[in-house]
Amino acid sequence: MAAPRKPVLLGLRDAAVRGCPAGPGAWTASKLGGLPDALPAVAAPRPVCERCRQPLALVVQVYSPLESSPFHRLLHVFACPSPRCGSGGARSWKVFRSQFLQMREKEAPDTQENGLAAEYWCEGADDWGSDNEERPSPQLTLDFGNDSNSAKDIDWTVQLQDLHLQDTVPGAAVPVLPGVPSVVPQFLSYYICVVDEDDYSGVVSLDHARSLLREYQQREGIDMEQLLSQSLSSDGNEKYEKTITRSGDKIFYKFMKRIAACQEQILRYSWSGEPLFLTCPTSEVTELPACSHCGAERTFEFQLMPALVSMLRSADSGLSVEFGTVLIYTCEKSCWPQNQQTPMEEFCIVQEDPDELLLK
């Protein structure tokens, strides 16, 4: 019997980030673009590209605390906006995880490395609860901006009452490193709001996805009806199966079909769930490097989606990043050494866009 599918949350672009938010209202917000916010007592990451040695631009910041963990948890994904590094793959990308204890050490439950719930972040998207209630899993974002219209109504004031943290902590800022340019490239910044993928089930037709796939059929000379039937059945012509598997058509169709109901999604979150591949996965997926600190395996957490590409623009239109999808993997124990003051690097896999014209 197949295991039940893990819940999936979708991130959508919301209101523009105005000014320079600070304190918990900044680092409990998920956003795209801008500059990375720092948790108290943890330095904000300022990585450089492994190819050109120039500063990387923040692509997304995701606030993602885990159920049964006493830590605030923040993930930053960076990429090189230089066109010459566009084909650099993961060498031009960096992922960092930062954490900060929500309560004093003696009060924290002993669950950080052994008791992370598999239910995590995805249930009860609109019910924040309080410390006296049975809490739902943490969600994608606490801050939708001041003028959000696309997000569901969420009273996150209750959530902020639980933080009891100072807005700033001395020493949290990172000094500029010698030899590293002080000007960090920035994309225009927007908050990310969250919806449950299941809310879109059966709401939107697949007409658009089918139209795109028919275009693909005309260019590639593939039998659309046979492709559709093969994707829904494990039986059929073995030779044809091998052909479409080799070319990646079946994987691509599955990707397009899955996102058709919510084409504006820029992020898919499913802690310990299954990524949605755009192209045939390579050995990287089965040979993920272990956590560099505790040695635990890494697990899939979220991925960036093609719709994000067109939103990553700078005020002067001089920056851009191209990708198909970016898969983010993090330590399954979400380890965090005591007194750690710098972010811990995680792992990503970049899948290139197999057909830019089709996805744009």
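So, about the overall build of the protein. Within the protein, the regular secondary structure consists of eight helices and eleven strands. Taking all 360 residues of the protein together, the buried fraction comes to 51%. Residue pairs at least 24 apart in sequence account for 76% of intrachain contacts in the protein once pairs closer than 6 positions are excluded. As displayed, the protein offers around 17,700 Å² of accessible surface, 49% of which is attributable to carbon and sulfur atoms.

Judged by how many residues are buried, strand E1 (residues 9-16) sits mostly within the fold: six of eight residues are covered. Where E1 meets strand E6 (residues 190-196), six bridges bridge the pair, whose relative direction is antiparallel. Counted as the bridge partner of Leu-12 is Cys-193 from E6.

This part takes up the packing of aromatic side chains. One pass over the structure, following the stated rule, counts five aromatic pairs. Taking the centre distance of 6.1 Å and the plane angle of 75 degrees together, the rings of Phe-78 and Phe-96 count as edge-to-face. Within this pair, whereas Phe-78 is found in strand E4 (residues 71-79), its partner Phe-96 is found in strand E5 (residues 93-101), the two being separated by 18 residues in sequence. Each member of the pair, Phe-78 as well as Phe-96, is classed as buried.

Next up on the list: helix H6 (residues 249-259). Burial in H6 covers these residues: Asp-249, Phe-252, Tyr-253, Phe-255, Met-256 and Ile-259. Summarising the axial view, the buried residues of H6 lie within an arc of 160 degrees, below the 170-degree limit, and thus occupy one face.

The buried fraction of strand E11 (residues 347-351) amounts to five of the five residues, a majority that puts the element mostly inside the structure. By the alternation rule, side chains of E11 split into Phe-347, Ile-349 and Gln-351 and Cys-348 and Val-350, which are all buried. Relative to E11, strand E9 (residues 325-331) is paired through five bridges, and the arrangement is antiparallel. For Thr-325, the partnering residue across the bridge sits in E11 and is Gln-351.

Glancing now at the pattern of salt bridges. Considering all chains together, one arrives at eight salt bridges under this definition. Close ionic contact of Arg-298 with Glu-346 constitutes a salt bridge, the shortest N to O distance being 2.7 Å. Placement of the pair is Arg-298 in strand E8 (residues 298-304) and Glu-346 in the loop between strand E10 (344-345) and E11, with a sequence separation of 48 residues. Through salt bridges that share partners, Glu-50, Lys-94 and Glu-345 make up one connected network.

Residue position: Ser-314 is located in the loop between E8 and E9. Ser-314 sits in the buried class, given a relative accessible area of 5%. When the C-alpha atoms of Ser-314 and Ser-189 are compared, they prove to be 9.0 Å apart, with 125 residues separating the residues in sequence. Of note is the side chain of Ser-314, whose polar atom sits 3.2 Å from the backbone nitrogen of Leu-319.

Ranked by internal contacts, the top residues of the largest apolar core, which has 34 residues, are Val-60, Trp-93, Phe-302, Leu-304, Leu-308 and Phe-323. The biggest single contributor to this core is strand E3 (residues 57-63), with four residues. Grouped together as the second largest cluster of nonpolar side chains are 14 residues, Trp-27, Phe-71, Leu-74 and Cys-331 included.

Conventions adopted
Residues numbered from 1 in each chain as written. Predicted model: local features only at pLDDT ≥ 70, side-chain atom pairs only at ≥ 80, totals over all residues. Heavy atoms only, no water. Helix = DSSP H or I, 4+ residues; strand = E, 2+ residues; numbered from the N terminus. Buried < 20%, exposed > 50% of the residue type's maximum accessible area, 1.4 Å probe, protein only. Contact = heavy atoms within 4.5 Å. Areas by Shrake-Rupley, 256 points an atom, 1.4 Å probe, with all protein chains shown as cover. Pairing = 2+ DSSP bridges. Phe/Tyr/Trp six-rings, centres within 6.5 Å; stacked < 30°, edge-to-face > 60°. Arc of directions from axis to C-beta. Salt bridge = Lys/Arg side-chain N within 4 Å of Asp/Glu carboxyl O. Polar contact = N/O pair within 3.5 Å; in protein donor to acceptor, adjacent residues only side chain to side chain. Core = buried A, V, L, I, M, F, W, Y, C linked by side-chain atoms within 4.5 Å.

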